[in-house]
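Residues per chain, in single letters:
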Amino acid sequence: MSDKQLVSMERQDGIGVIIVDNPPVNALSPGVPDGIVACVREGNADPTIKAMVLMGAGRSFIAGADIRQFGKERPRAKLGERSYDILDTSEKPIVAAIHGFALGGGLETAMSCNYRIAVPSAKVGQPEVLIGIIPGGGGTQRLPRLIGPKAALDIIVTGRHVPADEAKKLGIIDELLDAKADLRTAAVAFAKKIADRRPLPRISEADEKLKEAHDDPGMFDAMRKSIARKARGQKAPWSCIDAVEAATKLPFAEGMKREAEIFSTLENSPEARALRYAFFAEREAGRIPDLPKDVPIREIKSAAVVGAGTMGGGIAMSFADFGIPVRIIEATPEAMQRGMQKIRDNYAVSVKRGSLKQDEMEKRLARIHPADGYEAIGDADVVIEAVFEEMPPKKEVFAKLDTVMKPGALMLSNTSALNIDEMAAMTQRPEDVAGSHFFSPANVMKLLEVVRGAKTSAGTMASVMALGRKIGKISVGCGNCDGFLANRSRGPFGTEMNIMLEEGALPEQVDKGMVDFGYPMGPFAVADLAGLDIGLASRRRRAAENPNYRKMPIPDRIAELGRYGQKTGAGYYRYEKGDRTPYPDPVVTEIIRSTAKELGVEQHEFTEEEILTRLLFASVNEACKIIEEGIAYRASDVDVMWLYGFGFPRHRGGLMYWADGIGVKVVYDQIARWHQRFGERWKPANLLRHLAETGTPFREAKPGKPR
Ligand code: 3HC
Ligand code: NAI
C-alpha cells in the first residue's frame, strides 16, 4: 500500500484534515509516519491551509507503533527527523483529534501536536512497559513536561489506559467534547479558533512542570521502591523511571537521546520478546481454527447461575460487573442467603479498598436476583451450573435445565474436570451445552476456559468465547478431557511439588524458587490459600478409582490434621491471626522428614534450577500430550491459560514459550532421564519426542498425533 492510502489530507474550511487509515487500529506501520510527514509538509507549504487536524479513520486514533515490526530490521528515521519531530516543528498549528485509543506512539504523536481534543470515550496511555520497552517516541520526555513527572511516572510505569475525563483533568487533553459532538466537525472548528494564535504551544519547550521533581527529588526512588516486588526480574519498569528522571535533569534534545538509547537496549531483550509473544498469543487464543467466520453469535442480555457457592457467587458478580442482570438458584434458602451475603461482602471489601464506589456497588447488586426455582430462570440467555463437583447433582441440574430453558439458551457447566458430554447427554440439546470454566475468584481472574463437548455446536462455542470477552475475560477454547487443558496441564506440577518434599525439599524452598522465577506467590502458599481439603478429597477419589494411583502421604497427613490452609490458620505453613504471611512450620518439617524416612526415600539438596525444571517440565510433558490428543488447538493457548489462570510470570511468555527458550531437545533429554529414574509418570509424550527429533519448537507443534 502506498503512503498516500495510509495517510491522506483533505481540505475543509482552510484546515488540512490529515487522516490515518491503517485498519484495524491505525498502528504506525511502515508508511504511516512517512505519510504523516508528507501531509504536514504539504499543509505547511499550502497557503490556503491555516492549521491542521490529525485524526484516525475507523475505530481509533492511533494505537501505537506496529508491534509486529519490533525485533525486525526496518528503516527508521533519525532523531530529529521522525514524524514526531516534524509535527513538533510545524510552523502551522496541528490539533490531534482523538477517539478510541491514543496509545504508545499514538499518544506520543498526539503530544507532538500543539493541541489535543478528544471524545469522552477516548483512552490514552503509554502501555510500552507491558511489552517490555519504554516509550520511544518522546513519551518519557513530553509527558512529564505536560503533566508533571509524578503523574507521568504513574502512567508510564503502569502502562494503564487513562480515560478521557481523567486525561483532561491531568492536562493531557485540552478540550473534552460533548458525547454527541462529531469529532471531525469539532476538530475543524477548534483548529479554526486557534489558527492564528502564536506562539504555538510546544510541549518540548515547556519546562515549568518539571520543577515538581526539583522540589521532590525523592519521587524517583520512592517509585523504584514501590515497584520493587512486582517488577523483580524485569527491566522495562525500571527503565521507564530512569527515562522520566532523565527528562527532569536533561535538556529536551539530550533527554530524547537518552530515551532512544534506553529504548534500543530493550527492544530485543528476552523480556520484550516474551511480552510481545504473550500479546499476540492472547489475541490468537480467541480464534478456534475450525469455526466458520460467519457463525452467528448469540446475544446475551440476561444470565442465570445454579449454585451460589464460591464460584457461583463470583460468576454472578462477573455478569453484574458488566451490566448483565443475573438470577441465581440454590438448593436451600439458607445457602442462597449465605451466597448473597458473600457477594455483598465481596463488593463491600472493594468499596473499602477504594476500587469500587458505593453507588456502583448498589447498581451491581441490583442486577443480582435470587430466583425461586427453575421456572424463574427459563428465559435467561445463558445459564451456568456451579453446584458441587460431583457428576450426579450436575446431571440432575442439566436434566432440569433442559425442561425449562428457552430454545437457544447457552447451557454451561463450571466444572473444573468432569465430563461435559455426560451432562450434555442429560438434555435434548447437547449442541447448546459447553464448559465455561472460571478460575477462582471468578470475578477477578481473567481466564475463561471454554470447553467443547463432542456435540457442542460451532455457534455455541463461538457464542461462549464472545460471552467471555463481553464480561472482560480472556476466552481460550479447548476440548473435553479430565481436567481440560488448564488443570490437566497443571496437574503434574502439583504432583511433583509434593513428591519433591519426600526427596528433601521444604515448602519454603520450593516457594522461594518459584517466586524468584517470577510467580507472585509460591505454589505451596497458593495451595494454602485455595484450601487443602479440596486436594485431599480429590486424591482420595482418584485413589479409590485407580489402584495404580501415586499416593501423596505428605499432603494427606498435613490435611488430615485439619490443616486446610489459611482458613484454618495452618497448612503447609502456619499463619498468625489476621496475618496472611506464611511462616515455615517445624510441625510440617517434621511430617515431611518422618514420612520420607518411613518411605525410605533418599534425601538431597535441591537447587533452584532443579525445583523449577522438575515442576515445569512435568507440565510441559503433559501439555504435549494434551496437544497431541487435539485437546489444545495450539501450544500458545497453554501459555495464555498459564498466564491468566496460574500466575505464570508474563515476562517469561508462558510455559511453552519458556520451554522453547531452553530448547525442545534439552527438555526432552531431561524428561527422558527422569523417566529412567522415576518411572512411568515421566514417560515422554510422543509429541515431545517427535519435536525433539525433528528440532521443531513447541510453538510450532500442530495438534493431533505427530506424523
Ligand atoms: N501493533 C500491531 N498490531 C496491533 C497493535 C499494534 N500496536 N495493536 C493492535 N494490533 C492488532 C491486534 O494484534 C489485533 O490483530 P488481529 O485482529 O490480527 O488479532 C487487532 O489489531 C485488533 O486488536 P485487539 O484485538 O487487541 O483489539 P481491541 O479493540 O480489543 O484492543 C487495543 C485495541 C487496546 C488498541 C489493543 O489492541 C492494544 O492494547 N494494542 C496495543 C497497544 C500498544 O501496546 N501500543 C504501544 C505499542 S509500542 C509503541 O507505541 C512504541 C512507541 O513508544 C515508539
Ligand atoms: P461450593 O461448594 O462453594 O458451592 C456449590 C454450591 O452449589 C453450594 O452453595 C450448594 O448449596 C449449591 N448446590 C448444590 N447442589 C445444588 C443444586 N442441585 N441446585 C442448586 N444449588 C446447588 O463449590 P464451588 O467451589 O463454588 O464449586 C462449584 C463448581 O465450580 C464445581 O464444579 C467446582 O469444581 C468448580 N470450580 C471450583 C473452583 C474453586 O476454586 N472452588 C475453581 C473452578 C471451578
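Quick caveat, the model's predicted, so the values are computed rather than measured. (Residues numbered from 1 in each chain as written. Chains lettered and ligands numbered in written order. Predicted model: local features only at pLDDT ≥ 70, side-chain atom pairs only at ≥ 80, totals over all residues. Heavy atoms only, no water.)

### Topic: the overall build of the chain
Moving on, step 1. Helices and strands together make up the secondary structure of the chain, namely 30 helices and 17 strands.
Moving on, step 2. Since a compact globule built from 707 residues should have a radius of gyration of about 27 Å, the 28 Å found for the chain is in line with a globular shape.
Moving on, step 3. Along the longest, intermediate and shortest principal axes, the C-alpha atoms of the chain span 90 × 60 × 55 Å.
Moving on, step 4. Here the chain holds 707 residues, and 56% of them are scored as buried. (Helix = DSSP H or I, 4+ residues; strand = E, 2+ residues; numbered from the N terminus. Rg over C-alpha atoms; globule rule 2.2 N^0.38 Å. Buried < 20%, exposed > 50% of the residue type's maximum accessible area, 1.4 Å probe, protein only.)

### What to know about the site of ligand 2
Moving on, step 1. Taken together, 21 residues lie near ligand 2, and Met311, Glu330, Glu389, Lys394 and Ser416 sit nearest.
Moving on, step 2. Between an oxygen atom of ligand 2 and a main-chain N or O atom of Val387, the distance comes to 3.4 Å.
Moving on, step 3. Asn414 is positioned such that a nitrogen or oxygen atom in its side chain is 2.9 Å from an oxygen atom of ligand 2.
Moving on, step 4. Its free accessible area being 830 Å², ligand 2 has 78% of it covered by the protein chains.
Moving on, step 5. Broken down by secondary-structure element, the contributors of at least two residues to the shell around ligand 2 are α14 (310–321), α17 (391–404) and β15 (433–438).
Moving on, step 6. Residue composition of the shell around ligand 2, grouped by class: 10 nonpolar, eight polar and three charged. (Near = heavy atom within 4 Å. Polar contact = N/O pair within 3.5 Å; in protein donor to acceptor, adjacent residues only side chain to side chain. Areas by Shrake-Rupley, 256 points an atom, 1.4 Å probe, with all protein chains shown as cover. Nonpolar A, V, L, I, M, F, W, Y, C, P; charged D, E, K, R; others polar.)

### Quick notes on empty space enclosed by the protein
Moving on, step 1. Taken as a whole, this structure holds one cavity of 30 Å³ or more when the rule is applied.
Moving on, step 2. Taken as a whole, the largest cavity holds about 30 Å³ of empty space.
Moving on, step 3. Lining the largest cavity, in full, are Leu506, Pro507, Glu508, Tyr572, Asp585, Val588 and Thr589.
Moving on, step 4. Those elements that provide at least two residues to the lining of the largest cavity are α21 (507–517) and α25 (586–599).
Moving on, step 5. A breakdown of the residues in the lining of the largest cavity according to their chemical character gives four nonpolar, one polar and two charged. (1 Å grid on protein atoms, 1.4 Å probe; cavity = no way out; pocket = protein on both sides within 12 Å on 5 of 7 lines; lining within 4 Å. Points joined across faces, edges and corners; volume = space filled by probe spheres on them.)

### Quick word on the packing of aromatic side chains
Moving on, step 1. Under the defined criterion, the tally for this structure stands at 16 aromatic pairs.
Moving on, step 2. Considering the side-chain rings of Phe524 and Tyr572, the 4.6 Å spacing of their centres and the 65 degrees angle between planes classify their relative orientation as edge-to-face. Of this pair, Phe524 sits in helix α22 (residues 523–530) while Tyr572 sits in the loop between α24 (553–560) and α25, placing them 48 residues apart in sequence. Grouping residues by exposure puts Phe524 and Tyr572 together as buried.
Moving on, step 3. Above the ring of Phe646, the side-chain terminus of Arg490 is found at 5.8 Å from the ring centroid. (Phe/Tyr/Trp six-rings, centres within 6.5 Å; stacked < 30°, edge-to-face > 60°. Lys NZ or Arg CZ within 6 Å of the ring centre and 35° of its normal.)

Note that all results are geometric; they support no functional claim without further evidence.
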